[in-house]
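Geometric and topological summary
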Amino acid sequence: MVRETTLRPSDFIYPLFVVEGRDVRRPISSMPGVFNLSVEHAVAAAREAHALGIPSVILFGIPDHKDALGTQAYARDGVVQKALTAIKDAVPELQLMADICLCEYTDHGHCGVVDGGHIVNDATLPLLAEMAVSCARAGADIIAPSDMMDGRVRALRRALDETGHADTPILSYAAKYASGFYGPFREAAQSAPQFGDRRGYQMDPANVREALKEVALDLEEGADMVMVKPALSYLDVITKVKERVDVPVAAYNVSGEYAMLHAAAERGWIDLDRVVMEVLTSIKRAGADLILTYHAPHAAKLLG
Ligand code: PBG
């Protein structure tokens, strides 16, 4: 009766990793219960999520062929485009999000174009815009740029507007930190940078005022929703962003945060069901309106 925070399956966005081929359902060793899925298995996972009351999935594509410019990210028959179309067709009620970034598609594993060992911000923007348009065409309802290049929200908004996708909203990964908690994701997406790190474009974990600045810039450029990522070490950032803005605030409960709970639970050190609910409740209590989480189906079953 006096509980202040209530979790619901409708708070969740479920991430899916889509690979090429048929009948692939490859476990990701550092993320128990999460798989690399070929398109038909991704459709099945999306159906299950929808049946559990989860309103949205976010898709990450992992192509067989990676190159310097990440061309599979904006190929008409790219793996993420195929998955978007198939899921939209099978479960039209689901809100389909497309993660927009080059790192899963580039051979060097960086989120932008590389020249002489440097990530080139402005040369990356047209490629991201092309990916956004191609995903919207394939069936994405929401475009979610995670690359952290400056000016990408404006570039994406303009490109979407010019191609008949003026109604497609942008959820920007606005405050995305250079975090060690992305480790398991990089196994799942085979996207670890082949040289250097992402500190040139992702944020310093020590900064919170800078997060508010990043959020303000993305809103000014046309973002409809903003995200804080990771979630758990950044609950204060979620709260501050929530106090500052009047758009929906999302938080990404990332791969390392997921892996830690499973690793400890496998050893019998913690009660998985209990800590999953505790962690997700804390993210909502901090101020998140939406939570991207690999726990989504598990938590929805616990709530159901
Ligand atoms: C970049 C991207 C990453 C994640 C989501 N989008 C990885 C990175 O920045 O290295 C991480 C998500 C997670 O760890 O669960 N495309």
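For the structure, see preceding data.
Counting restarts for each chain: residues are numbered from 1 in the order of the written sequence. Confidence filtering applies because this is a predicted model: local features only for residues at pLDDT of at least 70, side-chain atom pairs given and counted only at 80 or more, and all residues used for totals across whole chains, interfaces and linings. Hydrogen atoms and water are omitted, and side-chain values are computed over all heavy atoms in the structure.

Things to note about the site of the ligand
- Throughout, near means a residue has at least one heavy atom within 4 Å of the molecule or strand. Not every one of the 18 residues close to the ligand is listed here, only the nearest: K176, R186, K229, S255 and Y294.
- Contact distances for the ligand include 3.2 Å between a nitrogen atom and a side-chain N or O atom of K229.
- Polar contacts, as counted here, are pairs of nitrogen or oxygen atoms within 3.5 Å of one another; within protein the pair requires one atom able to donate a hydrogen and one able to accept it, and residues that are adjacent in sequence qualify only if both atoms are side-chain atoms. Between the ligand and the protein, one listed contact pairs an oxygen atom with a side-chain N or O atom of Y294 at 2.6 Å.
- Among the detected pockets, the ligand sits in the largest cavity.
- Following the grouping adopted for this structure description, the nonpolar residues are Ala, Val, Leu, Ile, Met, Phe, Trp, Tyr, Cys and Pro, the charged ones are Asp, Glu, Lys and Arg, and the polar ones are all others, Gly among them. Of the residues that constitute the shell around the ligand, the class distribution is nine nonpolar, three polar and six charged. For each structure, a 1 Å grid was placed over the protein atoms alone; sets of points admitting a 1.4 Å probe that cannot get out are labelled cavities, open sets with protein on both sides within 12 Å along at least five of seven lines are labelled pockets, and lining residues have an atom within 4 Å of a point. Grid points define the cavity or pocket, and a molecule sits in it when more than half of its atoms lie within 2 Å of them.

Digging into the packing of aromatic side chains
- For Phe, Tyr and Trp, rings pair up if their centres lie within 6.5 Å, where Trp contributes its six-membered ring, and each pair is then called stacked (planes under 30 degrees apart), edge-to-face (over 60) or tilted (otherwise). Scanning the model with the defined rule gives eight aromatic pairs in all.
- Taking 5.8 Å as the distance between ring centres and 65° as the angle between the ring planes, the aromatic pair formed by Y258 and Y294 counts as edge-to-face. Here Y294 lies in the loop between β12 (290-293) and α10 (296-303) and Y258 lies in helix α8 (residues 255-266), a separation of 36 residues in the sequence.
- We call a residue buried when its accessible area falls under 20% of the maximum for its residue type, exposed when it is over 50%, and partly exposed in between, using a 1.4 Å probe and counting protein chains only. When its relative accessible area of 4% is taken as the criterion, Y294 is described as buried.
- Both a distance and an angle decide whether a charge sits over a ring: NZ of Lys or CZ of Arg must be within 6 Å of the ring centre and within 35 degrees of the ring normal. For the cation-ring pair, K176 lies above Y182, with the distance from its terminal atom to the ring centre recorded as 5.5 Å.
- Geometry around W269 places R267 over its ring, the cationic atom sitting 5.6 Å from the centre. Strands here mean DSSP runs of E at least two residues long; helices mean DSSP runs of H or I at least four residues long; both are numbered from the N terminus.

Thoughts on empty space enclosed by the protein
- Grid points are joined across faces, edges and corners, and a volume is the space filled by probe spheres set on the points. Summed over the entire model, instances satisfying the criterion amount to one cavity of 30 Å³ or more.
- When its volume is computed, the largest cavity comes out at roughly 150 Å³.
- C103, K176, Y182, F185 and K229 are the residues nearest the centre of the largest cavity, which is lined by 19 residues in total.
- For the lining of the largest cavity, the secondary-structure elements that each account for two or more residues are β9 (171-176) and α5 (183-189).
- Taken together, the residues of the lining of the largest cavity sort by class into ten nonpolar, three polar and six charged.

Considerations on the layout of surface pockets
- A volume near 330 Å³ is recorded for the largest pocket.
- What lines the largest pocket is a set of 20 residues, among which Y14, G33, F35, E48 and P297 lie closest to the centre.
- Secondary structure elements with two or more residues in the lining of the largest pocket: β1 (12-19), β3 (35-37), α1 (39-51), α8 and α10.
- Residues belonging to the lining of the largest pocket are distributed by class as follows: twelve nonpolar, five polar and three charged.
- Considering only enclosed or pocket space, the second largest pocket measures out at about 180 Å³ in volume.
- Grouping the constituent residues of the lining of the second largest pocket by class yields five nonpolar, three polar and four charged.

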